[in-house]
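Notes for the structure review
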Amino acid sequence: MNSILVVDDEKSVRDSLKMILEYEHYDVVFAENGVKALANVEKNSFDVILLDIKMPGMDGMEVLHRLKDTHPEIPVIIISGHGTIENAVEATKLGAYDFLSKPLDRDKVLVTVRNAIEQRNLRIRYQQMREQIEGRQVILGGSPKVKEILRIIERVAPTDARVLISGENGTGKELVAKALHRSSRRSDMPMIDVNCAAIPSELIESELFGHEKGAFTGATARRVGKFEQAIGGTVFLDEVGDMSLPAQAKVLRALEEGKIDRVGGTRQIPVDVRVIAATNKNLPDEIKKGNFREDLYHRLNVIPIHVPPLRERRDDILILANSFAEEICNRDGIGRKTITDRALQILKSMDWPGNVRELRNIVERLVIMTVGTVIEVEDIELQTTPIKSEFEDILNTTVTFQEFKENAERAFISKQLENHGWNISKTAERLGIQRSHLYNKMKRYRLERKERESKG
């Protein structure tokens, strides 16, 4: 049963609301002044508060101010007489949900109360979902390197300083970016992700900055780009080292001027965004090769954060494996499964070239495929041997380093294509390369012909 607090110094109004609300099975509590209202809120939980503006002593505006400071989650509906309509409008600007005019209309009261309760419930569910999602996206580990990253995040997150996150694929660079945004003053605004490696070079500028109708073939309507979508929030440029040079020039200009131009547009648009970038490449080397602008590098690299590979923080493997196992069991409704100490030591001894992402995939496979409630060393060997054998076959059948690289790349791309049903766009996004690059690889290794054969 929903609980409502009615605050009004007029007994006739209280009696009227009592009849309206209790008939609809609401639990109603009354207070005839602001002091008693605030005391009631401290003792009880309410879903909605109906608050009169004009009361002796502490008026409704003062009560609203205090409620918004102490209990901002409770929707407040203002009750106003004809002489206080302007105050009621002002109250809504200060955070009141809505206002009702005297004399009170029964239907209007019920609709407004019901809508306020529904909105509160939606906010609660959203907050719960957000906490659940963020709970799965925390940076886990107790190693000195992870503690240093967390210390930097704590210092840097509240500022607008740009951050460049470096590290191998699968190390958790995106988690660091999300932690920075979540702890920033922009956390209530969106964080917009841009995978620079997955967007074709000819479309990256339109993705980032938007385009006007008719700007190019296929531009049938105006499109708002990622920078505009993130106004007030954060733009996360993932795999920024794969961005084309023309797009780099435009990003540099946006960072310097705080303005962007849509493709085909003539008007500059102010954009208040924080930029966080990540890369798995050595950008100083890319600068020497002419693939990355040095001036953009210095703009992005205000605060550098390096996320180490899993092999450099092996003690964290135990924490991560147990956490992943618990999360997957909860997600899939599987009974609790534990990993023995011997099995954890085996996981700790592995090299994990795919880093945290690979570890999570293996743990998920172990949780799902292991019979019983305990994951043993034998289970790890059973679930990892096929992968190990395929890799060893490549090692044993190649002579030159170039041949090994080509065979390994062919096997890896083939497996990813199979995993994604030969969907080129999804596979390219997963691999972090452009579709045209994937097509070239498929042609080189004759993987496209294999796809046609499998369909025939």
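The following paragraphs examine the structure supplied in this document. (Residues numbered from 1 in each chain as written. Predicted model: local features only at pLDDT ≥ 70, side-chain atom pairs only at ≥ 80, totals over all residues. Heavy atoms only, no water.)

What to know about the sheet that holds strand β8 (residues 234-238)
Strand order across the open sheet formed by five strands is β7-β8-β11-β6-β12, with parallel pairing between neighbours. Every interior strand has two partners, whereas the edge strands, β7 (191-195) and β12 (303-306), have only one. Strand-to-strand twist across the sheet, computed as the mean angle between neighbouring axes with direction ignored, equals 20°. Of the pairings in the sheet, the one linking β8 to strand β11 (residues 274-279) comprises four bridges and is parallel in character. Residue Phe236 lies in a different strand from β11, and its bridge partner there is Ile276. (Pairing = 2+ DSSP bridges. Helix = DSSP H or I, 4+ residues; strand = E, 2+ residues; numbered from the N terminus. Axes fitted to C-alpha atoms, helices over the stretch in contact; angles between N-to-C directions.)

Describing helix α13 (residues 315-332)
Relative to the 26 Å expected for 18 residues at 1.5 Å per residue, α13 spans 27 Å between its end C-alpha atoms, a close match to the ideal helical length. Of the surrounding elements, those touching the buried residues of α13 are α6 (144-156), β13 (338-339), α14 (341-349) and α15 (355-369). One or two residues past the end of α13 sits Gly333, with phi positive at roughly 65°. (Expected span 1.5 Å × (residues − 1). Contact = heavy atoms within 4.5 Å.)

Focus: helix α1 (residues 11-23)
Between its terminal C-alpha atoms α1 stretches 18 Å, which fits the 18 Å expected from 13 residues at 1.5 Å a residue. Residues of α1 that are buried: Val13, Arg14, Leu17, Ile20 and Leu21. An end-on view of α1 places all buried positions within 135° of arc, on one side of the element. Seen from the open side of α1, the exposed residues pointing more than 90 degrees away from its buried face are Lys11, Ser12, Met19 and Tyr23. (Buried < 20%, exposed > 50% of the residue type's maximum accessible area, 1.4 Å probe, protein only. Arc of directions from axis to C-beta.)

Some thoughts on the packing of aromatic side chains
Counting across every chain of the model gives one aromatic pair. Seen from their ring centres, Phe209 and Phe227 are 5.3 Å apart, and the 40° between their planes marks the pair as tilted. Of this pair, Phe209 sits in helix α8 (residues 204-209) while Phe227 is found in helix α9 (residues 226-229), placing the two residues 18 residues apart along the sequence. The class of Phe227 is buried, set by a relative accessible area of 1%. In this arrangement the basic side chain of Arg360 is found over the ring face of Phe324, its NZ or CZ atom lying 5.8 Å from the centre. (Phe/Tyr/Trp six-rings, centres within 6.5 Å; stacked < 30°, edge-to-face > 60°. Lys NZ or Arg CZ within 6 Å of the ring centre and 35° of its normal.)

What to know about the packing of α6 against helix α7 (residues 173-182)
The contact between α6 and α7 brings their axes to 9 Å, and the two run at 35°. The way α6 lies across α7 gives a crossing that is right-handed. Side by side, α6 and α7 meet where Ile149, Ile153 and Val156 of the first sit next to Val176, Ala179 and Leu180 of the second. Partitioning the contact of α6 with α7 into residue classes produces six nonpolar, no polar and no charged. (Left-handed = near helix turned anticlockwise from the far one by under 90°. Nonpolar A, V, L, I, M, F, W, Y, C, P; charged D, E, K, R; others polar.)

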